[in-house]
Amino acid sequence: MSIKELTQFRLQDLSLYRSELMGWSIVWIMMLHFTFTQISPLGFIAQYGFAGVEIFMFVSGLGLWFSLDKDSRLLPFYRKRLFRIFPTYFAIGIFTSLFVFHDGLFTCLLRYTTLGFWTNGLYFEWYIPSIIFLYLLAPLFKQFVTARRLPLVLLFCLAILVISYCLVEKGDLIDNDHYFLLYRIPAFLFGMACAYWLKHGTGTTTFYIIMLLAIPFFIWFFPQHHVVYRYKYLSVFFLMPAFILCFCTISKLAPFTRPLIGRMGAASLEIYLIQQTFFFAIINGRLSVPEIWHDTLTISLIIGSTLLGLAAHRLFQRIGI
C-alpha cells in the first residue's frame, strides 16, 4: 500500500475498519470507566472515553442500514438483533445482579428487560436499552435517510442537538442516562447517511464538510465544561467525525493492531457488559481500589475485561447465541 493510500481516507474505510472502530472505542470507554492513570497524556485522553459511545452509535447506524438494504423484512431483522443482545445481556447481567447488586427476581426483570430504563425503575446501564430503542426505529430512520432528503435529515439532527442544548441549560428536566441517548441519535443517523453515501458512490467531500462545520461548535461548547457537566458530552460529540477518521487512519498505519482490535470489536458487547460488572462493583464498594495500586489495578481490569469478554464471545458463538 502506497503512502497516499495509507493517508487517504475513503468512505469504504468505514466498512473495512468497522470492527476496528468498535475495538478502539471499547478500549477508550474502559479507560474512562476504570479512571485510567492521570499521567499525561493518557489521563487526558481517558477522561473523554465517553466519545467512544458516539462511534458505537455511528457504527450501529452504518451496519443496520446495510442490513436493511440487503433484506428489508422486519421480523428477521428484529429477531437477529434482539437474539444477539438479550441472551448475552441476561447471562452477564444476572451474574452482576447476584454478586454486585444482590437483586430479587422482580428487580432483575426490570433491569434486563430494559423496562426499568423507561419506567423510572432500576436498570443495569443505559446503553443497551438505548441501542434497542434505536434498533426499533432503524427501519423508519433508513427510509428517512434513503428518501434523498439530506436537508431534512440535517434539520432533524439539528433539532435534537438544540433540544439537548436546552436540556443542558435546564439540567433538571431529564436525567443523565436518558440525555445520553437523546443527543446521540444524530450519530446513529450520521452512520446511516454514510452507509447510503457509500452505496451510491458519494465521495468523502460531504463527510469532510460535516467534520469541519462541527469543529466550531466544539470550540464554542468546550470552555463551558466546568460550568455545566453535560457540556462536556455535548461539546466532544462534534468531534465524532474527526475521531472516526483518526481510528481508521491508525488501523491503516498500524496494521499489526488489527487482529486483536478487530476481535475486541467483534466481542465489544461482551467486553462492555463485563467491564460494567467490574465498574459497578467499584461504584457499590464491592471492589476497593487502594490509591497506591490504582494504575496497576485499572490496567489489570482493562486486560481482564477484554480477556473475559473474548472468551464469553467465543463461548456464546459455540452455543449458538
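Details of the structure are given in the entry above.
So, a few notes on the structure that sits alongside this text. No experiment lies behind these values; they were computed from the predicted model shown.

Let us now look at unusual backbone geometry. A positive phi angle, close to 55°, is found at His 102, a residue other than glycine. Inspection of the secondary structure puts His 102 in the loop between helix H6 (74-101) and helix H7 (105-112). For Asn 120, which is not glycine, the phi dihedral falls at a positive 60°. Given a relative accessible area of 73%, Asn 120 falls into the exposed group.

With that settled, consider the environment of Phe 180. Here Phe 180 is to be found in helix H11 (residues 176-182). Remark: the alpha-carbon pair of Phe 180 and Asp 69, spanning 111 residues in sequence, is separated by 28 Å. Residue contacts for Phe 180: discarding those within four places in its chain leaves Trp 126 and Tyr 233.

On the surface, Phe 90, Ile 94, Phe 95, Leu 98 and Phe 99 cluster together into a nonpolar patch covering about 490 Å² of accessible area. Turning to its location among the elements, Phe 90 is positioned in helix H6. On the basis of relative accessible area, Phe 90 is assigned to the partly exposed category, the value being 34%.

Enumeration over the complete set of coordinates arrives at nine salt bridges. The salt bridge partner of Asp 69 is Lys 142, with a shortest N-O separation of 3.8 Å. With Asp 69 in helix H5 (residues 51-70) and Lys 142 in helix H9 (residues 127-146), this pair connects stretches of sequence that are 73 residues apart. Under the relative-accessibility criterion, Lys 142 is labelled buried at 9%. Measuring nitrogen to oxygen at the nearest pair gives 2.8 Å for the salt bridge that ties Arg 73 to Asp 71.

Next up on the list: helix H18 (residues 294-318). The end-to-end C-alpha distance of H18 is 36 Å, a good match for the 36 Å that 25 residues give at a rise of 1.5 Å each. For H18, the full list of buried residues reads His 294, Thr 298, Leu 301, Ile 302, Ser 305, Thr 306, Gly 309, Ala 312, His 313 and Phe 316. With its phi angle positive at about 85°, Gly 320 sits one or two positions after the end of H18.

Moving on, we get to the packing of H9 against helix H10 (residues 150-169). Each packed pair of helices is defined by two parameters, the angle between the axes and the distance between the axes. At a minimum axis separation of 8 Å, H9 and H10 run at an interaxial angle of 130°. The orientation of H9 with respect to H10, classified from their angle, is oblique. From H9, Phe 141, Phe 144 and Val 145 reach across to H10, where they touch Leu 152, Val 153 and Phe 156. Class assignment for the residues of the contact of H9 with H10 results in six nonpolar, no polar and no charged.

The calculated volume of the largest pocket comes to roughly 1300 Å³. Around the largest pocket, the lining is made up of 47 residues, and of these Phe 56, Tyr 127, Ile 128, Ser 268 and Leu 269 lie nearest the centre. Its residues assigned to classes, the lining of the largest pocket shows 26 nonpolar, 12 polar and nine charged. Taken as a whole, the second largest pocket spans an internal volume of roughly 630 Å³. Lining of the second largest pocket is provided by 23 residues; of these, Leu 154, Cys 157, Leu 161, Ile 210 and Phe 238 occupy positions nearest its centre. Sorting the residues of the lining of the second largest pocket by element identifies H10, helix H12 (185-199), helix H13 (205-221) and helix H15 (240-253) as the ones contributing at least two each. The leading source of residues in the lining of the second largest pocket is H10, at eight residues. Across the lining of the second largest pocket, the residue classes tally to 23 nonpolar, no polar and no charged.

The geometry of H5 relative to H12 is characterised by a closest axis approach of 7 Å and an angle of 45° between their N-to-C directions. Compared by their axis directions, H5 and H12 come out oblique. Crossing angle aside, the handedness with which H5 passes H12 is right-handed. Here Glu 54, Met 57, Phe 58, Ser 60, Gly 61, Leu 62, Leu 64, Trp 65, Phe 66 and Asp 69 of H5 lie close against H12, whose contacting residues are Ala 187, Phe 188, Phe 190, Gly 191, Met 192, Cys 194, Ala 195, Tyr 196, Leu 198 and Lys 199. Partitioned by chemical class, the residues of the contact of H5 with H12 number 14 nonpolar, three polar and three charged.

Bringing the packing of aromatic side chains into the picture now. In the structure shown here, the tally under the stated rule is 49 aromatic pairs. Over the ring of Trp 65 we find Lys 142; its NZ or CZ atom is 4.8 Å from the centre of that ring. Looking at Arg 230, its charged tip hangs above the ring of Tyr 179, at a distance of 5.0 Å from the centre.

What counts, and where the lines are drawn
Residues numbered from 1 in each chain as written. Predicted model: local features only at pLDDT ≥ 70, side-chain atom pairs only at ≥ 80, totals over all residues. Heavy atoms only, no water. Helix = DSSP H or I, 4+ residues; strand = E, 2+ residues; numbered from the N terminus. Buried < 20%, exposed > 50% of the residue type's maximum accessible area, 1.4 Å probe, protein only. Contact = heavy atoms within 4.5 Å. Patch = residues over 30% accessible without salt bridge, like charges linked within 9 Å, V, L, I, M, F, W, Y side chains within 5 Å. Areas by Shrake-Rupley, 256 points an atom, 1.4 Å probe, with all protein chains shown as cover. Salt bridge = Lys/Arg side-chain N within 4 Å of Asp/Glu carboxyl O. Expected span 1.5 Å × (residues − 1). Axes fitted to C-alpha atoms, helices over the stretch in contact; angles between N-to-C directions. Parallel < 35°, antiparallel > 145°, perpendicular 65-115°, else oblique. Nonpolar A, V, L, I, M, F, W, Y, C, P; charged D, E, K, R; others polar. 1 Å grid on protein atoms, 1.4 Å probe; cavity = no way out; pocket = protein on both sides within 12 Å on 5 of 7 lines; lining within 4 Å. Points joined across faces, edges and corners; volume = space filled by probe spheres on them. Left-handed = near helix turned anticlockwise from the far one by under 90°. Phe/Tyr/Trp six-rings, centres within 6.5 Å; stacked < 30°, edge-to-face > 60°. Lys NZ or Arg CZ within 6 Å of the ring centre and 35° of its normal.

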